[in-house]
Each structure stands twice: as C-alpha cells, then as structure tokens.
Amino acid sequence: MTHLTAFSQCIDKAKITYGGDWAFVDFIHRCPTYNFAFDGDTSKNWNVLTDPIDIKQAPPEVLLFKQGVEKKIIEYSSADFFSKIKFNSVEVVYPDRLKYFKDSGRQDVTLKYCKAKYFFYYEFKIDPLSTYHIGIALDKKGEIISKFNFPSKINYSPLDEKFDYCKLIDIARKSQPKIDPVEDIKLEFDKETNRFYWLLTQEIVNSKEGINYFNQVQIDASDFRIIRNITASAHIIY
C-alpha cells in the first residue's frame, strides 16, 4: 500500500500522530472507573490503573449500550463513515469503589466531576497510521450526553484515500515553504465547515522562553485543492 511505503521516504512514522479529542475530562475526570476492551485482561482481580479488563466482565448492559451508540453514529453520519470506525474500549464509573481506589493509592480520585456513567472510546481510521479520536459519554440510562465530534450524514464528504504522506508534505511546502521541519501530521475535524482536514505543523527548532511562532498548513482531506495557511504560537516556560 502507498500509505506504508511512502512515509519512510519523507517523514518518520512516529510523526504521523492522532487527531481529535476523546474529551473524557468533561465527563469522567478523576472518577473511579474501570476500562473494558475486547482484548483486555481476563483476571478477576481488577487493578485501579487504566489497564483494560476483558469486556466480558463489564456490566451486562455495556454491550447493549454499545450497540445503541453505534446505531446512533450510523444514523447521524453514514454507514460509510462508520465502516472506518474501530471500537477501542469503554470506561464505567463505579461510585461504590471510591474508597477502594483511595486505599490503593489513588488519592486524586473523586466523584466531583462524574457527569457520565459510561464513556466509549472510538477511533476513525482511513489507513493504518493516522487516527482520529471520538469519545461518547452516556448517563446511567444509556442516553448519549456528549456532542458528536464528527460530520453529519448531510455534511459528510468521503475522504480522499488515494493519498500518501509525502504528497501531503509536498502540497504543504508549495503553500507554505517554511513548513519544514515538519513536527507532525494528523487528521482533524472542523466543526464550522463539517469537514476533515490534514494538519501539518512546523517544528520549533530554536525555541526560546516566551512566545514562539510556527507555521501550520490545513489540507482538506476530501479535496486537496482546499488549503489554509496558519501562523500559530506556543508559550514556552523553562
């Protein structure tokens, strides 16, 4: 595949990173939760870390709610979009386990920020390297209480999958000659235009304390002719 052979010629694999935001902080920040996944640990002795537990040990309603979530995703977006989504894991809040977490050394755990009961983690992938994170929060009844951070069915434009990362870099260089050296490449979503785009960010080489400016180039993931140059900044403290 082009995706796997071309990137090594122009950019390190590690620089093709994830975009999006699971946004779990808004719903289960520092809550006593256990994470469940299909490839999780089968041990009956659950630890208080984030290591996934076999989903077969999750509360029985979890898989039912998962089906409901995925049905909503398809209804909101499209079957084509959903075909590129991979379930990662689900976190379940256990309020009655708060003391156990604290006794195990997790003194920061609290029920103060627990707006959700369940939090589902998904990944939107159009190739093996790039990932866009999608997080969905549910209340105790299984109702979705978070906003979808992906396009609706009316606005969804299939992404151009005949790309490679070298091509993206070439496009960015033509638009912004000072994009090198490239820090990373990731897939992001613009809520205003309801479109995905590739974001290429310039590395800050000679950083200084205070405000540091760097270049970014946005390339529409469905139409590479739509390009936007951005001057961004970062505040660095030594």
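Note that the structure is predicted; figures quoted are calculated from it, not measured.

**Describing unusual backbone geometry**
- For the bond running from aspartate 180 to proline 181, omega is -10°, close enough to zero to count as cis.
- Within the secondary structure, proline 181 sits in the loop between α6 (165-175) and β7 (182-190).
- The backbone phi angle of arginine 30 is positive, close to 60°, even though this residue is not glycine.
- Within the fold, arginine 30 resides in the loop between α2 (25-28) and β2 (33-37).
- For arginine 30, a relative accessible area of 32% translates into the label partly exposed.

**Concerning helix α3 (residues 61-76)**
- Under the 1.5 Å per step criterion, the end-to-end length of α3 is 22 Å for 16 residues, consistent within 8% with the ideal 22 Å.
- Of the residues making up α3, those classed as buried are Val62, Phe65, Lys66, Val69, Glu70 and Ile73. Take α3 and look down its axis: the buried residues cluster within an arc of 140°, on one side only. The exposed set on the far side of α3, more than 90 degrees from its buried face, consists of Leu64, Gln67 and Lys71.

**Some words on the state of the cysteines**
- Inspection of every chain in the model, using the stated rule, returns two disulfides.
- Linked covalently through their sulfurs, cysteine 10 and cysteine 166 form a disulfide whose S-S length is 2.1 Å. Looking along the S-S bond of the cysteine 10-cysteine 166 disulfide, the torsion reads about -100°, which is the left-handed sense. Of this pair, cysteine 10 sits in helix α1 (residues 2-10) while cysteine 166 sits in helix α6; the two residues are 156 residues apart in sequence, bridging distant segments of the chain.
- For cysteine 10, a relative accessible area of 30% gives the class partly exposed.

**Focus: the sheet that holds strand β5 (residues 118-124)**
- Pairing is mixed across the open sheet formed by six strands, whose spatial order is β1-β6-β5-β4-β2-β3. The outermost strands of the open sheet, each flanked by one partner alone, are β1 (18-21) and β3 (53-54).
- As defined by bridge partners, β5 adjoins strand β6 (residues 131-138) across seven bridges and the pair is classed as antiparallel. The partner of phenylalanine 119 across the bridge, within β6, is alanine 137.

**Focus on the pattern of salt bridges**
- Taken as a whole, this structure holds 10 salt bridges when the rule is applied.
- The partner of glutamate 161 in a salt bridge is lysine 84, and the shortest N-O contact between them spans 3.6 Å. Here the residue glutamate 161 occupies a position in the loop between β6 and α6, and lysine 84 occupies one in the loop between α4 (79-82) and β4 (85-93), the gap between them amounting to 77 residues.
- One salt bridge in this structure joins aspartate 220 and arginine 195, with 2.6 Å as the shortest N-O distance. Of this pair, aspartate 220 sits in strand β9 (residues 210-220) while arginine 195 sits in strand β8 (residues 195-202), placing them 25 residues apart in sequence.
- Given a relative accessible area of 7%, aspartate 220 falls into the buried group.
- One salt-bridge network, in which partners are shared between bridges, spans Asp80, Lys84 and Glu161.

**Some thoughts on empty space enclosed by the protein**
- Counted according to the given criterion, the structure contains one cavity of 30 Å³ or more.
- Of the volumes computed, that of the largest cavity is approximately 60 Å³.
- Lining the largest cavity, in full, are Asp41, Ser43, Asn45, Trp46, Asn47, Asp51, Pro52 and Ile53.
- Each residue belonging to the lining of the largest cavity can be placed in one class, and the counts come to three nonpolar, three polar and two charged.

**Points about the sheet that holds β9**
- What the four strands build is an open sheet, ordered β7-β8-β9-β10; its pairing is antiparallel. Of all strands in the sheet, those with a lone pairing partner are β7 and β10 (227-236), marking the two edges. Between one strand and the next, the sheet's axes are offset by a mean angle of 30°, whatever the strand orientation.
- Both β9 and β10 contribute to a ladder of 10 bridges, which runs antiparallel. Paired with isoleucine 211 across the bridge in β10 is histidine 235.
- Contacts from α6 reach β7, β8, β9 and β10, with the element oriented near 70° to β8.

Conventions used here
Residues numbered from 1 in each chain as written. Predicted model: local features only at pLDDT ≥ 70, side-chain atom pairs only at ≥ 80, totals over all residues. Heavy atoms only, no water. Helix = DSSP H or I, 4+ residues; strand = E, 2+ residues; numbered from the N terminus. Buried < 20%, exposed > 50% of the residue type's maximum accessible area, 1.4 Å probe, protein only. Expected span 1.5 Å × (residues − 1). Arc of directions from axis to C-beta. Disulfide = S-S within 2.5 Å. Pairing = 2+ DSSP bridges. Salt bridge = Lys/Arg side-chain N within 4 Å of Asp/Glu carboxyl O. 1 Å grid on protein atoms, 1.4 Å probe; cavity = no way out; pocket = protein on both sides within 12 Å on 5 of 7 lines; lining within 4 Å. Points joined across faces, edges and corners; volume = space filled by probe spheres on them. Nonpolar A, V, L, I, M, F, W, Y, C, P; charged D, E, K, R; others polar. Axes fitted to C-alpha atoms, helices over the stretch in contact; angles between N-to-C directions. Contact = heavy atoms within 4.5 Å.

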